[in-house]
Amino acid sequence: MKPVPIGLVGAGAFGLFCLDAFAEMPEVRIAAVADTDFGRADAAAARHQAKAYYSLDAMLKDASVEIVALNTPPFLHAEGGLAVVRSGRHLFAEKPLTLTLEEGEILLQEARANRVRLTVDYVMRRNPFWDATTRLRRDGVLGALLHMDLINHAAGLDLPPSHWFWEREKSGGIWVEHGVHFFDAFAWVSGYAGEITGVQSFARADGAVDRVECLARFGAAAAHFYHGFTHSARTEQTTVRLTFEQGYVTLREWVPTSIEIVTPLSSDLLIDYLPSEAEPVETTPTGTFRLISRAPEGKSAVYRACIQAGMSDLARAVREPEHSLSVTGQEALNSLRLAVQASR
Ligand SMILES: NC(=O)c1ccc[n+]([C@@H]2O[C@H](COP(=O)([O-])OP(=O)(O)OC[C@H]3O[C@@H](n4cnc5c(N)ncnc54)[C@H](O)[C@@H]3O)[C@@H](O)[C@H]2O)c1
């Protein structure tokens, strides 16, 4: 397959990480980088032997670009996304899709009308440990799914008070900017779109909301989400725990790098679901078994691979129009719907 030329707009913290991930992929070629900060655009473009532009509009005049990776802050996604799809380019959208449901619906309609493909960079969807959990649930290996719990102590202390993340008009707030990842992942794992049943939030002394919590249900599974942007990179910690009739699944780190299964079932039933060789099975005093499968390459490499898998899926859809995307715009809209509900 001839590499699909991509242009990235927003060469900030995450944009640079994405560019390095894309640069390793044979399926795509970095053709252009745009940023309103001239220095960032020039430096990122030079690093990847690409053309530098100082606005999205200028980049969209470059006929060689087929996919646009939209890495600007969230409040610019609706306007930027519309410009991309109306120009006939395919869109690799950073989350959140948009800040509001109305904007998201218009963006999807315009993508359809302009016959372009659109996906969202939901990295959990490409993560081997989330994927193993989803396959275990779909095959009913551990019995029915009863409860899902996310505890996310995130590195908010590393974001200065002036960062757009703390301004709800720019980020959409914690549920929209960040929670969408986990609303989408829980919907995927459970097989249900989900609904929010209760919410609370906490603000710091300067008024910025830094902790949010909600209860939800996904079909017959109860769910709890907590996000606290109260830690630094040194102490951040994320744990997802799923309770099934026949055992417990735990995913650790916000981009999981391991899966732990505790169950009385034989490990023979589980081994084929695990992404990497499981460590020796240990018998606990209650007669259950503990299986742990880890990614030896570490979080950064797993994260990069998740981004690459998303872009690879879109590049394939661009070259093979019958290819179904694994993360659709409609799914992005569904998770945004839960985030908007939780923000009210
Ligand atoms: N999928 C993930 O795992 C993940 C992780 C982190 C961030 N993100 C998302 O990535 C996006 C970017 O986040 P970030 O942390 O890199 O932000 P950032 O503030 O570090 O970078 C944003 C960049 O966009 C540029 N920019 C601003 N307005 C622009 C405009 N009108 N035209 C062109 N460039 C413009 C800025 O100069 C900056 O370089 C956000 O939507 C965020 O939610 C996703």
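Rules and cut-offs
- Residues numbered from 1 in each chain as written.
- Predicted model: local features only at pLDDT ≥ 70, side-chain atom pairs only at ≥ 80, totals over all residues.
- Heavy atoms only, no water.
- Domains from an automatic or database assignment.
- Contact = heavy atoms within 4.5 Å.
- Buried area = accessible area lost by both parts, 1.4 Å probe.
- Salt bridge = Lys/Arg side-chain N within 4 Å of Asp/Glu carboxyl O.
- Polar contact = N/O pair within 3.5 Å; in protein donor to acceptor, adjacent residues only side chain to side chain.
- Helix = DSSP H or I, 4+ residues; strand = E, 2+ residues; numbered from the N terminus.
- Buried < 20%, exposed > 50% of the residue type's maximum accessible area, 1.4 Å probe, protein only.
- Pairing = 2+ DSSP bridges.
- Axes fitted to C-alpha atoms, helices over the stretch in contact; angles between N-to-C directions.

## Observations regarding the domain arrangement of the chain
Item 1. For the chain, the assigned domains are domain 1 (4-124 + 302-326) and domain 2 (125-297).
Item 2. Each of domain 1 and domain 2 has a C-alpha centre, and the two are 27 Å apart.
Item 3. With 20 residues of domain 1 at the contact, the number on the domain 2 side is 24 residues.
Item 4. In this assembly, domain 1 packs against domain 2 so that about 2,000 Å² is buried in total across both faces, 64% of it on carbon and sulfur atoms.
Item 5. Considering only the side of domain 1, the residues that lose the most area to domain 2 are Tyr 122, Met 124 and Val 302, jointly responsible for 43% of the buried surface there.
Item 6. The interface formed by domain 1 and domain 2 holds two salt bridges in total.
Item 7. A salt bridge links Glu 177 to Lys 95; the nearest nitrogen and oxygen atoms lie 3.1 Å apart.
Item 8. The tally of links from domain 1 across to domain 2 stands at ten residue pairs in polar contact (both at pLDDT 80 or more).
Item 9. Where the side of domain 1 that touches domain 2 is concerned, the elements lending two or more residues are β6 (118-120) and α9 (299-319).
Item 10. For the side of domain 1 that touches domain 2, the element with the most residues is α9, which contributes six residues.

## What about the pattern of salt bridges?
Item 1. Taken as a whole, this structure holds 18 salt bridges when the rule is applied.
Item 2. For Asp 206, the salt bridge identified is with Arg 204, shortest N-O distance 2.8 Å.
Item 3. Exposure remark for Arg 204: the relative accessible area of 24% places this residue in the partly exposed category.
Item 4. Bridged by salt links that share partners, the residues Arg 125, Asp 184 and Glu 331 form one connected network.

## Quick word on the sheet that holds strand β5 (residues 90-93)
Item 1. One open sheet accounts for six strands, arranged β3-β2-β1-β4-β5-β6; its pairing is parallel. Of all strands in the sheet, those with a lone pairing partner are β3 (51-53) and β6, marking the two edges. Looking at each pair of strands side by side, their axes are set apart by 25 degrees on average, direction ignored.
Item 2. Inspection of the sheet shows strand β4 (residues 67-70) paired to β5 by four bridges, in the parallel sense. In the strand pairing of β5, Ile 67 is matched with His 90.

## Notes on unusual backbone geometry
Item 1. Lys 95 connects to Pro 96 through a cis peptide bond whose omega is -10 degrees.
Item 2. Along the chain, Pro 96 falls in the loop between β5 and α5 (101-113).
Item 3. For Arg 115, which is not glycine, the phi dihedral falls at a positive 55 degrees.
Item 4. Mapping Arg 115 onto the fold places it in the loop between α5 and β6.
Item 5. For Arg 115, a relative accessible area of 75% puts it in the exposed group.
Item 6. You will see that Glu 253, though not glycine, has its phi angle at about 80 degrees, which is positive.
Item 7. Residue placement: Glu 253 occurs in the loop between β12 (247-252) and β13 (258-263).
Item 8. Accessibility expressed as a relative area gives 35% for Glu 253, which makes it partly exposed.

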